[in-house]
Amino acid sequence: MDENGTQNSPSTCINDTARIITGLLNKESWAVQFFDATGKPGSSITEGHVSFPGNYDQCRAAIATPRPEDRDRKDGGRFKGNYGTMTAKLWSLPVEARLGACLPNTCSDKEITILMYQLFGLEKKPSLQYAYFSSQTGETKMTAAAKASIVILSIIGFFMLTGTMYDILVIQRPKWKTTKTNLTTNMNSVDHVDLPNGNERTASQQNGETVISNGEKTPLLPTTTPIKTQVKGPSESTSILAQIFLSFSVYSNGKKILNTSQAPGSLGAIHGIRFLSMSWVVLCHILAFAQNFAVDFLTAFPEFYKRWTFVVISNGFVSVDTFFTLSGLLTSYLTIKEMMRKGTWKINWPLFYFHRFWRLTPPYMFALVIVLGLTQFIGQGALWSPQQPYDRDNCEKYWWTNLLYVNNFVHFDKACFGHSWYLANDMQFFVLSPLMLIPFFFHRALGFLSCFVFLLTSWITTGALSHHNKWPTTTGGLKPVPGRAGNAEWMEHYYIIPWCRIGPFIVGVMAGYILAQTKGRQFKMPTWLVISGWITAAASGLAVVYGLYGDITGDHPSTQGASDFYNAVNRSVWGACVSWVIIACSAGYGGPVNALLSWSPFVVLGRLTYMSYLIHICIVYVFYGNLDTLFSFNDTTIVVYFLGLLVFVNLSAFIGVLVLESPMLGLEKTFIRKERK
């Protein structure tokens, strides 16, 4: 039958499909391979086990035996296996039913879809929402993004190779020789030591120490003053072209990334907060995307949602608000210190904006192009989607909204790099930040007043919109609240909209001002303030995260009024909790919390969080898509998958920082000389 229902002669597809059925009846081995590679319905269908992938590799290897009557065909009747997925969605099921099928490669997706409807009478089933067949040929296309990715990586690779060789041979090698010369000079100079009384005594080496003849011992190296040799740095003695290449040096950039030292006045606790918050984001996304790959999703997830410990995952949305808080805090801290140092609010504001744009955009755009162009080449199998990445079509059309940081406003329903809504919000907050920062220069009260006006406006706007649109406290619950807005509306009109998300950024700006006044040094606080501050922050943070347990299980959903209040202020409250931790640790009242958050490995891991955020979604999808079969959703699986993926995300981020992020910062330092004292 064609699209119009007209009877046509049997197609090659139908003939070859019928031949497989005949071959099975005759127990022909080649036909058995086609059938064996096809997924079979198993147990627990009534409990939601409705996905049966089959065997992708076995199907692709299956070949029909040729027949004499098919000698005129181009393939001689030796058609091959074409693996694809029959997908159907019933109105009554929250997930799609999928069956991996091994069919002749002479069939098109359209032909098999029509055959599905005819064989199973799907057009007569009102319970069916949709059904279709999608083949997974494993074929990849050399798209414009793929070509651009190869060109970009080739150019960067050339600069990295050249810059690293130049750095090692021209810049570092003379330094190494100087260090070796100084060490040799120091060792030779201790053969004779002038003692304070003017007598020359003989010295000898024993166990790494200099032993003077009278038996006194003195350390080896400090006995003489090292010879200082002036070795000019690259910024002083090399050309602009050389500095460009040095910006891509793997050696120098790697040393900077792995350096755990912290300058005086640095906010050490921020590093741990960054890494732990990013790990929280990764964990939430790993579990959110698991629903399409867990064999027991419909039965396992409800049980997990009933655990109070799982609320940190189901209500993990505030993990992103941590980064909004840190963004506002660091912006305020660094800018106000600069205004205080210069004694004027008229700092280089164009450079203020350019640095932010340059800091975020090149790595962002490069990562987007590379993910868009190369993801399709790093996976295949029964669970691999032929549309890789999943938002490829949106990115090809609307990538420019990401470049302009308006993708949370323009075509937000057709998102490209969906998680990048955060970057759009953050950039928009940064653009507005001088309106909060400049008043602080004139008077502390003016600065706080400006911040409170912004904060109060956000609270009132969010609360009013929540009441008007009947937003729930969360859409991460076990079941929707009757009469409330659904997930799509909540995400598009509340979760990604700046006037509903700016609260923690504003709180961070105020905290940054406080830290700028103390210059990041320890300062005295009353005991009552320290104790009450920690108790209030801990209680408030726990209330924000775990206070929605009744909403998440669906047993005790919040009233609309309570939902409006929570939606308006919860993110600002979370930002205040994070800010307190940083201020208390900076002031010297962090104790074991500061010891943990300032742990030296977190300094390195904290530098990787931006790149981790950009690429972690792609890595999670690639991992799940390359599984041969569905997995069982349980505690052990979650722990193993999370720890493994977290390590891989950070290793990949380290490479990304070396390749994309650090060189861009080096180029900025090369072309834009920062004002010095």
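Residues numbered from 1 in each chain as written. Predicted model: local features only at pLDDT ≥ 70, side-chain atom pairs only at ≥ 80, totals over all residues. Heavy atoms only, no water.

### Topic: the state of the cysteines
Heads up, the condition is: Note on terminology: pairs of cysteine sulfur atoms within 2.5 Å are recorded as disulfides. Think of it this way: any DSSP run of H or I at least four residues long counts as a helix, any run of E at least two long counts as a strand, and we number them from the N terminus. Residue exposure (1.4 Å probe, protein chains only): buried if accessible area is under 20% of the type maximum, exposed if over 50%, otherwise partly exposed.
Going through the model one piece at a time under the given rule, you end up with 3 disulfides. Across the disulfide, Cys13 is cross-linked to Cys107 (sulfur-sulfur distance 2.0 Å). Between Cys13 and Cys107, the S-S dihedral sits near 95°, and the bridge is therefore right-handed. A residue pair is termed long-range when its members are at least 10 positions apart, and Cys13 in helix α1 (residues 12–25) and Cys107 in the loop between β3 (97–104) and α4 (109–120) qualify at 94 residues. For Cys107, a relative accessible area of 7% gives the class buried.

### Topic: the nonpolar core
The criterion, for reference: In this text, buried Ala, Val, Leu, Ile, Met, Phe, Trp, Tyr and Cys residues form a nonpolar core when linked through side-chain atoms within 4.5 Å. What makes two residues a contact is simply this: any of their non-hydrogen atoms within 4.5 Å.
Grouped together as the largest cluster of nonpolar side chains are 134 residues, with contacts concentrated most on Tyr364, Leu614, Tyr624, Phe631 and Phe633. For this core, the element with the highest residue contribution is helix α27 (residues 635–671), accounting for 13 residues. Other than its neighbours up to four places away in sequence, Phe631 contacts Ala290, Phe293, Ala294, Val295, Asp296, Tyr624, Thr637 and Tyr641. Counting residues in each nonpolar core, the second largest holds 13 residues, with Ile20, Ala62, Cys102 and Ala382 among its members.

### Concerning the sheet that holds strand β1 (residues 51–52)
Where strands meet in a sheet, backbone hydrogen bonds hold them as pairs that are either parallel or antiparallel. Counted only if it meets this: Any two strands between which DSSP finds at least two bridges are classified as paired.
Overall, mixed pairing links the 4 strands, which are arranged β1-β3-β2-β4 in an open sheet. One side of each edge strand has no neighbouring strand; the edge strands of this open sheet are β1 and β4 (128–135). Relative to β3, β1 runs parallel, the two sharing 2 bridges. Note on β3: the bridge partner recorded for Ser51 is Arg98.

### Side note on a nonpolar patch on the surface
Our working definition: Within the patch definition used here, like charges are joined within 9 Å and nonpolar side chains (Val, Leu, Ile, Met, Phe, Trp, Tyr) within 5 Å, considering only residues with over 30% relative accessible area and no salt bridge. Residue exposure ignores everything except the shown protein chains as possible cover, and the areas themselves are Shrake-Rupley values with a 1.4 Å probe. For this document, the term salt bridge refers to a Lys or Arg side-chain nitrogen within 4 Å of an Asp or Glu carboxyl oxygen.
A surface patch of nonpolar side chains, amounting to about 470 Å² of accessible area, comprises Phe441, Phe442, Leu446, Leu449 and Val453. Going through the elements one at a time, α16 (434–442) and α17 (444–469) are the ones with two or more residues in the nonpolar patch. With 3 residues, the single largest contributor to the nonpolar patch is α17. One can find Leu446 in helix α17.

### Topic: unusual backbone geometry
We note that His411 has phi near 55°; this positive angle belongs to a residue other than glycine. The partly exposed category is assigned to His411, whose relative accessible area is 31%.

### Points about the packing of aromatic side chains
Filter applied, for reference: Ring pairs shown here join Phe, Tyr and Trp side chains whose ring centres sit within 6.5 Å, with only the six-membered ring taken for Trp; geometry is labelled stacked below 30 degrees between planes, edge-to-face above 60, and tilted in between. Only Lys NZ and Arg CZ are tested; either one counts as a charge over a ring when it is within 6 Å of the ring centre and within 35 degrees of the ring normal.
Summed over all chains, the structure comprises 53 aromatic pairs. A ring pair is formed by Phe354 and Trp358, whose centres lie 5.9 Å apart and whose planes are at 15°; its orientation type is stacked. Separated by 4 residues within a single helix, Phe354 and Trp358 lie in helix α13 (residues 349–374), roughly one turn from each other. Of the residues examined, Phe354 reaches a relative accessible area of 34% and is grouped as partly exposed. An aromatic cluster of three or more residues is present, and its members are Phe317, Phe323, Phe324, Trp421, Tyr422, Phe429, Trp471, Trp490, Tyr494, Tyr495, Phe505 and Tyr613. Directly above the ring of Phe35 sits Lys40, whose terminal nitrogen or CZ lies 4.8 Å from the centroid. In this structure, Arg501 is placed above the aromatic ring of Tyr495, and the distance from its NZ or CZ to the ring centre is 4.5 Å.

### Thoughts on α17
Under the convention used in this document: In this analysis, the expected span of each helix is defined as 1.5 Å times one less than the number of residues it contains.
For α17, with 26 residues, the first-to-last C-alpha span of 38 Å sits near the 38 Å given by 1.5 Å per residue. Turning to α17, the residues buried within the fold contact α16, α18 (487–495), α19 (498–501), α20 (503–518) and α23 (560–587). Phi turns positive one or two residues past the end of α17, at Lys470, with a value near 55°.

### A look at the pairing of strand β2 (residues 81–90)
Regular strands have side chains that alternate between both faces of the sheet. With respect to burial, β2 is a largely interior element, 8 of its 10 residues being buried. Pairing analysis gives 8 bridges linking β2 to β3, with the strands arranged antiparallel. Bridge pairing in β3 places Asn82 opposite Leu103. The antiparallel pairing of β2 with β3 creates a hairpin that spans 6 residues between the two strands. As paired elements, β2 and β4 share 7 bridges and run antiparallel to each other. Of the residues in β4, the one forming a bridge with Lys89 is Tyr130.

### Side note on the environment of Phe293
Among the structural elements, Phe293 can be located in the loop between α9 (269–288) and α10 (297–305). For Phe293, a relative accessible area of 7% gives the class buried. Each C-alpha atom of the pair Phe293 and Leu630 lies 5.2 Å from the other, and the pair is 337 residues apart in sequence.

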